[in-house]
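The residues making up each chain are set out below.
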Amino acid sequence: MKSFIILTTTLLAGLGSLSALAASPVNSSTFNVTVNLTAECTLSAPGNVTINYDDGVGVTSTTASSLNVKCTNQLPYSVALLTGAAAAVTFPVTDSVVGIAYTLTLGAPVGGSTGTGANQSYTITPSATAAQTGTCAAPTAGVCTNTGATNNTYLVQVTY
Amino acid sequence: MVNKLHHNSLIRQAATASILALGSLLLGCWSLPSAAAVKDSPALSARINLKVGGGSGGTALCRTGSGIGPFGATLTVVCSTGILTDYSGGASNLPWVTAIEDNSFRYLLSVFGPSGESLGVVDSYTGVGTVTTWRTIHLNHQDYLEMTVHW
């Protein structure tokens, strides 16, 4: 009798669960995942370039500069030197203080001008023609520098 | 029943229109060319160190035609300071060497005639800090040498 009651109770509980299950609707739906990737380029800070020039003779030594450009993978970009409103890869200029004409050249990067997601190095190389006679009103130890020049500041600009 | 069917149809049409509109918007955004972006690096400067004085090692050679030997005495003058640093050859026939050692520059001007013949030399010296200019003036079939000295 006791077993019969337990069995009956269990059966009734099972039937109750089944009916509860049958009464609960199951709903599901699909959803999308949206990824918004903002492609961009970043630049490191370039160092200064230096030209040591022997008046009337020519360049005795130079110091080039370099910087890294990092762009999103597969992103095409271009770089140029910028001074004032002018941008170019090769920039000839005559210094406003010492009067020496020189050229800054932005070198091609390793790997081309398409982003890889990693740093790509560029060099800025100065050069000057020989036998120039510059301007030197007050040399210090026989040397004049172009401190205060109005046309010796540059930027590297990346466009993407 | 008919109203319910019609209502469901309207809902489906509205949903379809919304999906199409959203799809068009997404396609439009995809095809629109994005505006070019630019970024500038921090500034860099081009520094120029101009060494004046010229010549090799900042010196210049001064020669005289009145010295010993075919080439005379060779004097080396440091251009930036005007100080005589060295001379080779005997100085017994070069009394003006003393003047050179007193930091005076020696100017030797060879004068040539219109046909290229040598008319002689103008041998003189001036002290440090003196600016000297030379010019020849042709006047009345004569050549005059004008030397101006400033100190």
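Everything numeric in this text was worked out from a predicted model, so none of it was measured.

The rules behind each value
- Residues numbered from 1 in each chain as written.
- Chains lettered and ligands numbered in written order.
- Predicted model: local features only at pLDDT ≥ 70, side-chain atom pairs only at ≥ 80, totals over all residues.
- Heavy atoms only, no water.
- Buried < 20%, exposed > 50% of the residue type's maximum accessible area, 1.4 Å probe, protein only.
- Helix = DSSP H or I, 4+ residues; strand = E, 2+ residues; numbered from the N terminus.
- Pairing = 2+ DSSP bridges.
- pLDDT = per-residue confidence, 0-100.
- Contact = heavy atoms within 4.5 Å.
- Axes fitted to C-alpha atoms, helices over the stretch in contact; angles between N-to-C directions.

A.B. asks: Before we go on, may I ask you to explain the pairing of strand β2 (residues 44-51) of chain B in this structure?
C.D. replies: Each regular strand displays side chains that alternate between the two surfaces of the sheet. Alternating positions in β2(B) separate cleanly, B:Leu44, B:Ala46, B:Ile48 and B:Leu50 being buried on one face and B:Ser45, B:Arg47, B:Asn49 and B:Lys51 remaining unburied on the opposite face. Here strand β2 (residues 49-54) of chain A pairs with β2(B) via six bridges, running parallel. The partner of A:Asp54 across the bridge, within β2(B), is B:Lys51. By the bridge criterion, three bridges tie strand β10 (residues 143-145) of chain A to β2(B) in an arrangement that is antiparallel. Within the sheet, the bridge partner assigned to A:Thr145 lies in β2(B) and is B:Asn49. In this sheet, β2(B) lies alongside strand β11 (residues 153-159) of chain A in antiparallel orientation, the contact comprising two bridges. Bridge pairing in β2(B) places A:Thr153 opposite B:Ser45.

A.B. asks: In this structure, what is going on with the confidence of the model for chain B? I would like to understand it.
C.D. replies: Regions with low pLDDT carry predicted coordinates that are not meant to be interpreted in detail. Residues and elements named next belong to chain B. Taken as a whole, chain B shows an average pLDDT of 59; of its residues, 22% reach a score of 70 or greater. Taking the mean pLDDT of every element in chain B, the minimum, 45, falls on strand β3 (residues 59-63) and the maximum, 94, on β2. This model gives residues 20-33 a pLDDT under 50, and the stretch forms zero contacts once residues within four places in sequence are excluded. In the model, residues 54-71 has pLDDT below 50 throughout and makes 45 contacts with residues more than four positions away in sequence or in other chains. Model confidence for the complex is summarised by a pTM of 0.51, with the ipTM given as 0.75.

A.B. asks: Looking at this structure, I do not really get the sheet that holds strand β8 (residues 101-106) of chain A. What am I missing?
C.D. replies: Within a sheet, adjacent strands bond to each other through the backbone by hydrogen bonds, running parallel or antiparallel. Residues and elements named next belong to chain A. Taking strand neighbours across the sheet as the criterion, the five strands line up as β1-β4-β9-β8-β7 in an open arrangement whose pairing is antiparallel. Two strands in the sheet have a free side with no partner beyond their single neighbour: β1 (41-43) and β7 (90-94). Averaged over all neighbouring strand pairs, the angle between strand axes comes to 20°, with direction disregarded.

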